[in-house]
Amino acid sequence: MSMIVIVGAQWGDEGKGKIVDWYAEKADVVARFSGGANAGHTSYVDGVKYVTHLLPSGLLRGKKCVLGAGMVIDPAQLLEEIADFAQKGLSASSLSPEQIMISSSAHIILPTHKELDAAYENARGEKALGTTKRGIGPAYADKALRRGLLAGMMLSPAEFADKVHSLVLDHNWELLSNYDAESLDPEKIAQDYEGYAKKLKPYIQDTSLYLHQCLKNSQTVLAEGAQGTLLDVDHGGYPFVTSSSTVAGAAATGLGVSPKFISKIIGVAKCFQTRVGEGPMPTEILGREDLVNHLRGKMDDPGAEYGSTTGRPRRVGWLDLPLLRYAARINGFDELVLTKLDILSGLEFVKLCLAYSNQARTAVFPEPIAGDIAILRNFYPEYEDVLGWSEHIGEVRDFKDLPICAQLYVRKIENIVKKPVSFVSVGTGREQVIVR
Ligand code: IMP
C-alpha cells in the first residue's frame, strides 16, 4: 500500500508530465489532486501529440485515472479531451468510466467563472497576476464561499441545471454591476451544463473510497501534482500564486486519503528556472536575449518554454537553489528529479544561485522568508559559475557517460539541496532519461 506523490518544485512547467508518465508504468492508478485546466502537458506517443489539461497523464499508459476532490473541472474541456483522445485512436474502453473517475466532491467551472477571472485581471491593470483566465480563482472562491457546484450534483442533471442557472445569475450581477463586463446567457449555459451532466454522470463516484480500497489492496497510487510549490496559495509567493494547494501535503486532502499512505515524495525541478505570469523571480535573466533564446527554445520546438495553456513565452532564469531548498523543506522531498539538463549543453558557464544578499549586499539569506516571498524583489542572487559543456547529451542513458561538468552541476545541486537526484531527463522523448 503506497502512494507516491510527484510535485513541481518551482513555478510549474517543470516537466512533471513526463516524470508522471514514467512512474505511471509501475502504478495502478494515477490521480490528480489539485488545479484545473490551468495546467497543461504535451506528450508524444508513437509520434502522436496529446495535450492534457485535466486528464491525468497516466491515461496514456492505460492506467486508471482519478480527478480528485481538490480539482476544479471545466466539463466542456474534459469532454473535449476525451473526444480528442478517442479521435486519435485511444480505445473506447481506455476512455470509459471504468478508467476515468471524477470525484463527486470536485468543483465545476462555469463560463462565467472565466469571465470573472478576465474581469478581475482587467481591473487589476498593471497589478494583474497574469492568470491563465481559465476561471480557476473564481471557482475556488465560490468553493470557499460555499456556493460552488460539486461534480456530484451532476448526478441529477435537471436539478444541476437549475443550480447552474442560479449561480450564473449571481455571476452576471457581479460582472455587470462591478466590472461593467458582459453578462452571459443563463438559459443557454444551464442547458449546456445539463447536457454535460448527462454525459459525465457515469464517470462520477466516491473516488476517496475507491483510492482507499486500492491502497488497502496493496495497489500503487501515483498522486500527480499540478503547477508548482512556488504557486501554492499558502506557501507560494502570494498573491502571485494559483488558488489551490500545490504542495505534497495537498495530495492527501485533494484525494481524500490519509497522509499515512504516502510512501514517497518526489520533487521535479528544471535545471534552470522558468515562470509564466507575474511576480518576483530573483534569478530572471534580463538583457541577454541570446541566452534567453537558448534556454527558451523556438516556439515550435517540442518542450520549448511557451505556456502549453496560454502560449505565453515563459520568463527564464538560472536555477535558484534557495528556492529549491525551500521547496524541499515545505514538501519533504525524498528525492529530486531534474529535467532539461540537455538544454544547458553549449553554454560556456552555467550560473547557480547559491544564496541571496540584501540591498546593501551585506547579509546572506540561505532561504527566502516564508509568507513574504514578495521580499524576493529586494534580494540579490549570489551566483557561482559552473563550467559548461558543449556535448549533446540527449542520447546519454548512464550518469557516468555525461560530460564531467554536467555531472558536477548535478552533484552540486544535490549537495546544496541535500536531496538525492534520482532521475535526470535529457530530452522530450519517453526514453531520454538517466536513472541513477
Ligand atoms: P491561475 O491558476 O490561472 O489563476 O493563474 C495564477 C498564476 O499561476 C499565474 O501566474 C499563472 O501563470 C500561473 N499558473 C497557473 N497554472 C500554471 C501552470 O500549469 N504552469 C505554470 N504556471 C501556471
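Structure: see above.
On a predicted model such as this, the values are computed, not experimentally measured, just so you know.

Focus on the site of the ligand
- Neighbouring the ligand are 15 residues, the closest being Asp13, Asn38, Thr132, Thr242 and Val276.
- The separation between an oxygen atom of the ligand and a polar side-chain atom of Thr132 is 2.5 Å.
- Its free accessible area being 460 Å², the ligand has 96% of it covered by the protein chains.
- When grouped by side-chain class, the residues that make up the shell around the ligand number 6 nonpolar, 7 polar and 2 charged.

What about the packing of helix H2 (residues 75-87) against helix H6 (residues 186-200)?
- For the pair H2 and H6, the least separation of the axes is 10 Å and the interaxial angle reads 50 degrees. As far as their axial angle goes, H6 and H2 are oblique. Considering the relative orientation of H2 and H6, their crossing is left-handed. For the pair formed by H2 and H6, the contact residues are Pro75, Ala76, Leu78 and Leu79 on the first element and Tyr193, Tyr196, Lys199 and Leu200 on the second.

Section: the sheet that holds strand E7 (residues 100-103)
- With respect to topology, 10 strands assemble into an open sheet ordered E9-E7-E5-E2-E10-E1-E11-E15-E19-E20, the strand pairing being mixed. Only two strands of the sheet have a single neighbouring strand rather than two, namely strand E9 (204-205) and strand E20 (433-435).
- In this sheet, strand E15 (residues 335-339) lies alongside strand E11 (residues 262-270) in parallel orientation, the contact comprising 5 bridges. Opposite Ile266, over in E15, you have Glu335 as the bridge partner.

Considering unusual backbone geometry
- Of the consecutive residues Tyr238 and Pro239, the connecting peptide bond is found in the cis state with omega at 10 degrees.
- By secondary structure assignment, the location of Pro239 is in the loop between strand E10 (220-224) and helix H8 (249-255).
- Although it is not a glycine, Gln227 sits at a positive phi angle of roughly 55 degrees.
- Considering the arrangement of structural elements, one finds Gln227 in the loop between E10 and H8.
- With relative accessibility at 9%, the residue Gln227 sits in the buried group.
- Unlike most non-glycine residues, Lys418 shows phi in positive territory, near 65 degrees.
- Topologically, Lys418 is positioned in the loop between helix H11 (404-417) and strand E19 (421-425).

Things to note about H2
- With 13 residues, H2 should reach 18 Å at 1.5 Å per residue; the first-to-last C-alpha distance of 18 Å fits that figure.
- Within H2, the full set of buried residues consists of Pro75, Gln77, Leu78, Leu79, Glu81, Ile82 and Phe85.
- Contacts made by the buried residues of H2 are with strand E4 (48-52), strand E5 (64-67), strand E6 (72-73), E7, strand E8 (107-108) and H6.
- Where H2 ends, the next residue or the one after it, Gly89, has phi of about 110 degrees, a positive value.

Digging into the packing of aromatic side chains
- Scanning all chains against the criterion turns up 8 aromatic pairs.
- Each ring, one from Trp22 and one from Tyr23, has its centre 5.2 Å from the other, and the planes form 75 degrees; the classification is edge-to-face.
- Among the aromatic side chains, those forming a connected cluster through ring pairs are Trp22, Tyr23 and Phe423.
- It is Lys26 that lies over the ring of Trp22; its NZ or CZ is 4.3 Å from the centre.
- Over the ring of Phe399 we find Arg436; its NZ or CZ atom is 4.0 Å from the centre of that ring.

What to know about the packing of helix H5 (residues 157-179) against H6
- The contact between H5 and H6 brings their axes to 8 Å, and the two run at 145 degrees. Seen from above, H5 lies across H6 with right-handed handedness. Across the interface between the two elements, Pro157, Ala158, Phe160, Ala161, Val164, His165, Val168, Leu169 and Asn172 of H5 pack against Pro186, Glu187, Ile189, Ala190, Tyr193, Glu194, Ala197 and Lys198 of H6.
- Here the contact of H5 with H6 is composed, by residue class, of 12 nonpolar, 2 polar and 3 charged.

A few points about the environment of Thr242
- Checked against the element boundaries, Thr242 lands in the loop between E10 and H8.
- Given the relative accessible area of 11%, Thr242 is considered buried.
- Discounting chain neighbours no more than four positions away, the residues touching Thr242 are Asn38, Ile136, Gln227, Leu231 and Val233.
- Polar contacts involving the side chain of Thr242 include one to the side chain of Asn38, which spans 3.3 Å.

What counts and how
Chains are numbered independently. Their residues run from 1 in the order of the written sequence. Totals for whole chains, interfaces and linings use all residues, but because this is a predicted model, local features are given only for residues with pLDDT of at least 70 and pairs of side-chain atoms are given and counted only at 80 or more. As a convention, hydrogens and water are excluded, and side-chain values are obtained from all of the structure's heavy atoms. What makes a residue near a molecule or strand is one non-hydrogen atom of that residue sitting within 4 Å of it. We call two N or O atoms a polar contact when they sit within 3.5 Å, provided that within protein one can donate a hydrogen and the other can accept it, with sequence-adjacent residues counted only if both atoms are side-chain atoms. Using the Shrake-Rupley algorithm and a 1.4 Å probe, accessible areas are obtained, with residue cover drawn only from the displayed protein chains. Gly falls in the polar group here, along with every residue not listed as nonpolar (Ala, Val, Leu, Ile, Met, Phe, Trp, Tyr, Cys, Pro) or charged (Asp, Glu, Lys, Arg). Lines fitted to C-alpha atoms define the axes, with helix axes restricted to the stretch in contact, and inter-axis angles between N-to-C directions lie between 0 and 180 degrees. Every helix listed is a DSSP run of H or I at least four residues long, and every strand listed is a run of E at least two residues long, numbered separately from the N terminus. Oblique is the label for any angle not covered by the other classes, which are roughly parallel (under 35 degrees), roughly antiparallel (over 145) and roughly perpendicular (65 to 115). Note: crossing handedness is left-handed where the near helix turns anticlockwise from the far helix by less than a right angle, and right-handed where it turns clockwise. What makes two residues a contact is simply this: any of their non-hydrogen atoms within 4.5 Å. Each pair of strands is called paired provided DSSP finds at least two bridges between the two strands. For the exposure calls, accessible area comes from a 1.4 Å probe over protein chains only, and a residue counts as buried if that area is under 20% of its type's maximum, exposed if over 50%, partly exposed in between. Expected helix span is given by 1.5 Å per residue-to-residue step, counting one fewer step than there are residues. Here a Phe, Tyr or Trp ring, Trp counted by its six-membered ring, pairs with any other such ring whose centre lies within 6.5 Å, and the pair is stacked when the planes are under 30 degrees apart, edge-to-face when over 60, and tilted otherwise. Each ring is checked for a lysine NZ or an arginine CZ that lies within 6 Å of its centre and within 35 degrees of its normal; such an atom marks a charge sitting over the ring.

Geometry only, nothing functional implied.
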